[in-house]
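Below are the chains, spelled out letter by letter.
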Amino acid sequence: MSFAVETAAETTPAVIVAIDGPSGTGKSSTSKAVAAQLGLSYLDTGAQYRAITCWMVENGIDVADPAAVAAAAAKPEIVSGTDPAAPAITVDGRDVAQAIRTPEVTSKVSAVSAVPEVRSLITGLQRSIAASAAGGIVVEGRDIGTTVLPGADLKIFLTASPEARAARRSGELKGSDVQATREALIKRDTADSSRKTSPLAKADDAVEVDTTELTLQQVIECVVTLVEEKRAAK
Ligand SMILES: Nc1ncnc2c1ncn2[C@@H]1O[C@H](COP(=O)(O)OP(=O)(O)OP(=O)(O)O)[C@@H](O)[C@H]1O
Ligand SMILES: Nc1ccn([C@H]2C[C@H](O)[C@@H](COP(=O)(O)O)O2)c(=O)n1
């Protein structure tokens, strides 16, 4: 007599989900919630670019000098956790979850992430993390569907009006000026979309979701449904 034992991992196909879009469209909030709800790993690739920028700033590298950034790019060791309930990021063993969110890092991250040597190193890291996520993963960023994981099972491109995005960010940063926040978002999006290497862009086969008039819960439900459809079809 033989018994077939099926575990959840055997019955639920691993799925790779790429979520891209401009700043403040809801990528992180949506990705974390979808991954937690569906038992998937989660990777915040913006946090990795912020971490390397943080290291450059702390080590006195001139981020306006691409050659200096390229020469130093391999020095820091960046490690990302993939638990959606507790996303972690360390540089050389130090927890930098707070340090990477300062206005200084936010204003310098586009310059650092435009350097091809930085992108090549971080892209390699992202691909190896995705490959080792046996149960599947949600990876969010700017170029996941186009460059990092072009074979992803599902690609989502989130958008929202600059006004909605600025209002969301201003709600987070108590007392901040909505107009100044809007201008800063647009400036960063323009830099991220116009760089030569792997710019922020929608993949041709991505599903575009405009979140301007949707609540976060509605966006999460929409993406969960799309992932479940993909899983069922695998
Ligand atoms: N549909 C929504 N409606 C209202 N608020 C939202 C919605 N989606 C996200 N938010 C809020 O907007 C803010 C920005 O969201 P989030 O950090 O997820 O965006 P993001 O696209 O990851 O931004 P960035 O690329 O800058 O990291 C958060 O405070 C989040 O709670
Ligand atoms: N795949 C990615 C992810 C992020 N970046 C750069 C560009 C962003 O302005 C910056 C910070 O990202 P955020 O934390 O705001 O999501 O990192 C990128 O170039 N490619």
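All figures in this text were calculated on a predicted structure; none of them were measured in a lab.

**Brief notes about the site of ligand 2**
As a structural note, the neighbourhood of ligand 2 is formed by 16 residues, with Arg50, Arg119, Asp143, Arg188 and Asp192 the closest of them. Measuring from an oxygen atom of ligand 2, one finds a side-chain N or O atom of Arg50 at 2.7 Å. One of the side-chain N or O atoms of Arg142 is found 3.0 Å from an oxygen atom in ligand 2. In the complex, 96% of the free accessible area of ligand 2, which totals 450 Å², lies under the protein chains. Among the secondary structure elements, those contributing two or more residues to the shell around ligand 2 are helix H3 (45-58), helix H5 (103-113) and helix H9 (178-194).

**Focus on the nonpolar core**
The biggest cluster of nonpolar side chains holds 23 residues, and the ones touching the most others in it are Ala51, Met56, Ile78, Ile89, Ile100 and Val118. Residue assignment for this core shows that the elements contributing at least two residues are H3, helix H4 (66-72), strand S4 (89-91), H5 and helix H6 (116-131). For this core, the element with the most residues is H3, which contributes 7 residues. Look past the residues within four positions of Met56 in its chain and what remains in contact with it is Ile61, Val63, Val69, Ala72 and Ala73. Core analysis: the second largest hydrophobic core is formed by 19 residues, Val34, Leu38, Val209 and Ile220 among them.

**Some thoughts on the site of ligand 1**
Surveying the vicinity of ligand 1 reveals 17 residues, the closest of which are Ser23, Lys27, Ser29, Arg169 and Glu172. Within the backbone of Gly26, one N or O atom sits 3.0 Å away from an oxygen atom of ligand 1. At 2.7 Å, a side-chain N or O of Arg169 approaches an oxygen atom of ligand 1. With the chains in place, 80% of the 630 Å² that ligand 1 exposes on its own is no longer accessible. Here the residues of the shell around ligand 1 sort into 4 nonpolar, 7 polar and 6 charged.

**Structural notes on the UniProt feature "binding site: ATP" (unreviewed entry) in the protein**
The feature "binding site: ATP" (unreviewed entry), as given by UniProt, occupies Gly21, Pro22, Ser23, Gly24, Thr25, Gly26, Lys27, Ser28 and Ser29 in the numbering adopted here. Tracing the chain through its elements places Gly21 in the loop between strand S1 (16-20) and helix H2 (27-38). For Gly21, a relative accessible area of 0% gives the class buried. Apart from residues no more than four positions distant in its own chain, Gly21 is found in contact with Lys27, Gly141, Arg142, Phe157, Leu158 and Leu200. Following the sequence through the fold, Thr25 ends up in the loop between S1 and H2.

**Observations regarding the confidence of the model for the protein**
When pLDDT is averaged across the protein, the result is 93; 94% of the residues are at 70 or more. Contacts from residues 1-9, a stretch scored under 50 in pLDDT, to residues over four places away or in other chains number 2 contacts. For this predicted complex, the interface score ipTM comes out at 0.98, alongside a pTM of 0.95.

**Examining unusual backbone geometry**
If a residue is not glycine, its phi is most likely negative; likewise, a peptide bond is most likely trans. Phi at Asp92 takes a positive value of approximately 50 degrees, unusual for a residue other than glycine. Within the secondary structure, Asp92 sits in the loop between S4 and strand S5 (94-95). Of note in this structure, Ser198 is not a glycine but carries a positive phi near 50 degrees. Along the chain, Ser198 turns up in the loop between H9 and strand S8 (207-210). You can call Ser198 buried: its relative accessible area is 13%.

Cut-offs applied
Residue positions are counted from 1 within each chain, in the order its sequence is given. Working convention: letters from A go to chains and numbers from 1 go to ligands, in the order in which they are written. Local features in a predicted model are, by the rule used here, given only for residues with pLDDT of at least 70; side-chain atom pairs are given and counted only at 80 or more, and totals for whole chains, interfaces and linings are based on all residues. Excluding hydrogens and water, the side-chain values take into account all heavy atoms of the structure. The near set for a molecule or strand comprises every residue that places at least one heavy atom within 4 Å of it. The definition of a polar contact used here is a pair of N or O atoms within 3.5 Å, where within protein one atom must be able to donate a hydrogen and the other to accept one, and adjacent residues in sequence count solely through side-chain atom pairs. Areas reported as accessible are Shrake-Rupley estimates using a 1.4 Å probe. Residue values count occlusion only from the protein chains shown. Segments assigned H or I by DSSP are reported as helices when at least four residues long, segments assigned E as strands when at least two residues long, and all are numbered from the N terminus. Residues belong to one nonpolar core when they are buried, are Ala, Val, Leu, Ile, Met, Phe, Trp, Tyr or Cys, and are joined through side-chain atoms within 4.5 Å. When accessible area is computed with a 1.4 Å probe and restricted to protein chains, residues below 20% of their type maximum are described as buried, those above 50% as exposed, and intermediate ones as partly exposed. We call two residues in contact whenever any of their non-hydrogen atoms come within 4.5 Å of each other. Three categories are distinguished: nonpolar for Ala, Val, Leu, Ile, Met, Phe, Trp, Tyr, Cys and Pro, charged for Asp, Glu, Lys and Arg, and polar for the others, with Gly belonging to the last. UniProt positions are given in the numbering used here, feature names are shortened, and annotations may be inferred rather than shown by experiment. pLDDT expresses how confident the predictor is about each individual residue, on a scale running from 0 to 100.

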